[in-house]
Amino acid sequence: MRLSRWFGMTLREPPAGIDAPGQQWLVRAGYVRQSGPGLFSLLPLGLTTMQRLEARLRQMMQALGGQELLMPMVQPAERWRTSGRSDQHGAELVRVRDRRERDVAPALTHEELAATLCAGEVRSYRQLPRLIYQIQTTFRDDARPRAGLAGTRAHTRVDAYSVDADDDGRDRQYQAHQQAFQALFATCGLPVRRAAAAGGVMGDGDARTFVYLMPGGDETLACCSACGAAALHQVARFARPAIAAEPALPLERVATPASTTIDALCATLDIPRSRTAKVVMLMARFPAATPDERFVMALVRGDMDVNESRLCRVIGAAALRPATGDDIARSGAVPGYATPIGLRDLLLVADETLAASPNLVVGANEVGYHLRNFNIPRDAQPTWIADIAAVADGYFCNDCGAPLQLVRGIELATVARLTAHATTTLGATFLDANGRTSPVLMGAYGISIERMLACIAEEHHDARGLCWPISVAPFQVHMIALAGKNPLVPAVVEQVLAELEAAGIAVLVDDRDERAGAKFADADMIGVPLRLTVSANTLAADAVELKRRDRTDAMIVPRAAVVSTVREQIDVLLAECAGRISTSH
Ligand SMILES: [Zn+2]
């Protein structure tokens, strides 16, 4: 690529609205432009970098034994209703009515279609195992897309699906993908945290996610620095506090004027939050059930919060929303003073710590009054007593007891096992060696390429611009021609370019008629790992100047040794990338 014909430009000022410095540089250096909320255009430099990443991902998938195919980016919405994911993802899944009055949906991922293809193509155990993958654009309609490329709603994803006859085979593929993902991230110079995740309605509940930690990321992880356990906030467990036994005392009505919040109540009665019951009122929708919603009252101790995704799982709901004033009025509860005592026709779920805590303060369903000495199950009988409390900073690790830390990050990749129920529902079965029909056992693996690009930029930049690792850099060499009035310079640049390209080296040439300072500043911003400068000065010594983007010192290389020296330097940089792999395991 020649900058004299470049479509794009570098910008003097950081773009407004983007806080993350690496993603600012992607815009300033002319890689991406925002085209709308959560929508980005990749300029030629950005696309070239994406294509490098894609090439790496294809290599990885082929090494795993994958065969590439392509499924349509828009799918019949009916498939999503069959699998239950239509409800699970709610508004994230965009539904469009086509001219035949049928709903279609731009895919989030392709589990349904992959299973449907298996239903058609896989008949016998002799055809297993298999691994299929695609690189396709998917669309997730996030409620509040974040600024910067990591907040994209359109994801170019590698989506892979393993297909096995038995659990052992599937576990082998599941493990192999996790190892390959870890190695890929290391090669790309990306430190990632592997964490427990929810598998979704089609998954077996034991999924893993790979998260790049950064402030402002859209996921929250609970991490233990002592034993290394990590889990997404939605699935994180924590060690429950010890509870001292007390005899249950009789219920006692107590005046609590203007005490509609836990904090106000604690101040009024001079008690800690752990002595109160927090009542959270929600409306639940259930998959494939009556269209009506059910009123849900969730109880946690006043020092805890409700984990809504776990609550959803416990009661088997497809979706939850906060109850409105009307919903609450219909239930008979009094907002700010709510209690489950005496209410009918509700789903009551109590957290296990709350259920084990004696003599709590709870509302009296009467404005200005609470009840002391609320005890479960004496005073209210929950439909479920379950683990529905959300983890918080400073809670203790369920595995080792050390304090947990909540950190933010960007989810780059996921691995999950699909349930046999999910694949069977979509018709994916095969005949085993004894002629019996069995469900195919599938694994689902995905990586978002735009997010990887954004996170690599976040990890690899300095005060002057991007510093790509050689493994994903759009070019290996950025050659700068400082011609001045010397007619020899352009001719030598063309010769060196031809020699480097003949050696398989990707070169970006700055052949613009610009000042040296502007060219060097742009080179630093664009961040190609090696910079080669040809000027009248260097040619006087029959040489060129070679400099690493991440170093300050330059070397003078004899003209005749340019290709071999560049090759050597590329090998050094590649070895440094490989070194990161061995040190990261
Ligand atoms: Zn721990």
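Our structure is the block above this text.
This text gives an overview of the structure that appears in the document. Computed from a predicted structure; not experimentally measured.

Description of the overall build of the protein
Phase 1 of the analysis: If you tally the helices and strands in the protein, you get 16 helices and 33 strands.
Phase 2 of the analysis: Over its C-alpha atoms, taken along the principal directions, the protein stretches across nearly 100 × 65 × 50 Å.
Phase 3 of the analysis: The burial tally for the protein puts 52% of its 585 residues in the buried class.
Phase 4 of the analysis: Restricting the contact set of the protein to residue pairs at least 6 apart, pairs at least 24 apart contribute 72%.
Phase 5 of the analysis: Of the charged side chains in the protein, 62 are positive and 66 negative, and the gap between their average positions amounts to 2 Å.

Details of unusual backbone geometry
Phase 1 of the analysis: Look at the link from Leu 128 to Pro 129: it is a cis peptide, with omega at 0 degrees.
Phase 2 of the analysis: Tracing the chain through its elements places Pro 129 in the loop between helix H5 (111-121) and strand E7 (130-139).
Phase 3 of the analysis: That bond from Ile 376 to Pro 377 is cis: its omega, 10 degrees, falls within 30 degrees of zero.
Phase 4 of the analysis: Along the polypeptide, Pro 377 turns up in the loop between strand E20 (369-374) and strand E21 (384-386).
Phase 5 of the analysis: Phi at Asn 359 takes a positive value of approximately 55 degrees, unusual for a residue other than glycine.
Phase 6 of the analysis: As for its position among the elements, Asn 359 is in the loop between helix H10 (352-356) and strand E19 (360-363).
Phase 7 of the analysis: Exposure remark for Asn 359: the relative accessible area of 6% places this residue in the buried category.
Phase 8 of the analysis: A positive phi angle, near 50 degrees, is found at Asp 542, a position not held by glycine.
Phase 9 of the analysis: Within the secondary structure layout, Asp 542 lies in the loop between helix H15 (536-540) and strand E32 (543-548).

Here we look at the packing of helix H2 (residues 44-63) against helix H6 (residues 167-187)
The relative placement of two packed helices is expressed as an angle between their axes plus a distance between the axes.
Phase 1 of the analysis: As a packed pair, H2 and H6 sit with axes 11 Å apart at the nearest point and diverge in direction by 150 degrees. Between H2 and H6, the crossing angle belongs to the class labelled roughly antiparallel. As for the relative orientation of H2 and H6, their crossing is right-handed in sense. Between H2 and H6, the residues in contact are Arg 56, Leu 57, Met 60 and Met 61 and His 177, Ala 180, Phe 181, Leu 184 and Thr 187, respectively.

Quick notes on the sheet that holds strand E31 (residues 530-535)
Phase 1 of the analysis: Taken together, the five strands give an open sheet; going across it, the order is E30-E29-E31-E32-E33, and neighbouring strands pair in mixed fashion. Here the strands that pair on one side only, and so sit at the sheet edges, are strand E30 (507-510) and strand E33 (554-558). Ignoring which end each strand starts from, the neighbouring axes of this sheet average 25 degrees apart.
Phase 2 of the analysis: Relative to E33, E32 runs antiparallel, the two being bridged by five bridges. For Lys 547, the partnering residue across the bridge sits in E33 and is Ala 554.
Phase 3 of the analysis: The sheet strands contacting helix H13 (residues 488-502) are strand E29 (477-482), E30 and E31, and the helix crosses E29 at an angle near 165 degrees.
Phase 4 of the analysis: Contacting E29, E30 and E31, helix H14 (residues 516-526) runs over the sheet at an angle of about 175 degrees to E29.

A closer look at the coordination of the zinc ion
Phase 1 of the analysis: Summarising the metal site, the zinc ion is bound by the protein donors Cys 224 (SG), Cys 227 (SG), Cys 397 (SG) and Cys 400 (SG), whose distances to it range over 2.3 to 2.4 Å.
Phase 2 of the analysis: Coordination at the zinc ion is tetrahedral, judged from the four donor atoms that bind it and the angles of 98 to 116 degrees they form at the metal.
Phase 3 of the analysis: Spacing between the donor residues of the zinc ion along the chain follows C-x2-C-x169-C-x2-C. With Cys 227 in the loop between strand E11 (219-224) and strand E12 (230-232) and Cys 397 in strand E22 (residues 396-397), this pair connects stretches of sequence that are 170 residues apart.
Phase 4 of the analysis: The exposure class assigned to Cys 227 is partly exposed, which follows from its relative accessible area of 38%.
Phase 5 of the analysis: Classification of Cys 397 by relative accessible area gives buried; the value is 3%.

Quick word on the nonpolar core
Phase 1 of the analysis: Counting 57 residues, the largest nonpolar core has Tyr 31, Phe 181, Phe 185, Met 452 and Trp 468 as the members making the most contacts within it.
Phase 2 of the analysis: Broken down by element, this core gets its largest block of residues, seven residues, from helix H12 (residues 449-459).
Phase 3 of the analysis: Of all hydrophobic cores here, the second largest spans 28 residues; its members include Cys 224, Phe 286, Ala 317 and Val 391.

Some points on the packing of aromatic side chains
Phase 1 of the analysis: For the structure shown, the criterion picks out five aromatic pairs.
Phase 2 of the analysis: Between Phe 181 and Phe 210 the ring centres are 5.8 Å apart and the planes differ by 65 degrees, which places this aromatic pair in the edge-to-face class. Separated by 29 residues along the polypeptide, Phe 181 in helix H6 and Phe 210 in strand E10 (residues 207-213) bring together distant segments of the chain.
Phase 3 of the analysis: On the numbers, 5.9 Å between centres and 45 degrees between planes, the contact of Phe 185 with Phe 210 is tilted. Of this pair, Phe 185 sits in helix H6 while Phe 210 sits in strand E10, and the two are 25 residues apart along the sequence. Phe 210 matches Phe 185 in its accessibility class, with the two residues each being buried.
Phase 4 of the analysis: Three or more aromatic residues joined by ring pairs make a cluster, and in this case those are Phe 181, Phe 185 and Phe 210.
Phase 5 of the analysis: Between Arg 253 and the ring centre of Tyr 369, over which it is positioned, the NZ or CZ distance is 3.8 Å.

The rules behind the values
- Residues numbered from 1 in each chain as written.
- Predicted model: local features only at pLDDT ≥ 70, side-chain atom pairs only at ≥ 80, totals over all residues.
- Heavy atoms only, no water.
- Helix = DSSP H or I, 4+ residues; strand = E, 2+ residues; numbered from the N terminus.
- Buried < 20%, exposed > 50% of the residue type's maximum accessible area, 1.4 Å probe, protein only.
- Contact = heavy atoms within 4.5 Å.
- Lys, Arg positive; Asp, Glu negative; His and termini not counted.
- Charge placed at Lys NZ, Arg CZ, Asp CG, Glu CD.
- Axes fitted to C-alpha atoms, helices over the stretch in contact; angles between N-to-C directions.
- Parallel < 35°, antiparallel > 145°, perpendicular 65-115°, else oblique.
- Left-handed = near helix turned anticlockwise from the far one by under 90°.
- Pairing = 2+ DSSP bridges.
- Donors = N, O, S within 2.8 Å, 3.2 Å for Na, K, Ca; no water.
- Tetrahedral: all angles 85-135°; square planar, octahedral: opposite > 155°, others 65-115°.
- Core = buried A, V, L, I, M, F, W, Y, C linked by side-chain atoms within 4.5 Å.
- Phe/Tyr/Trp six-rings, centres within 6.5 Å; stacked < 30°, edge-to-face > 60°.
- Lys NZ or Arg CZ within 6 Å of the ring centre and 35° of its normal.

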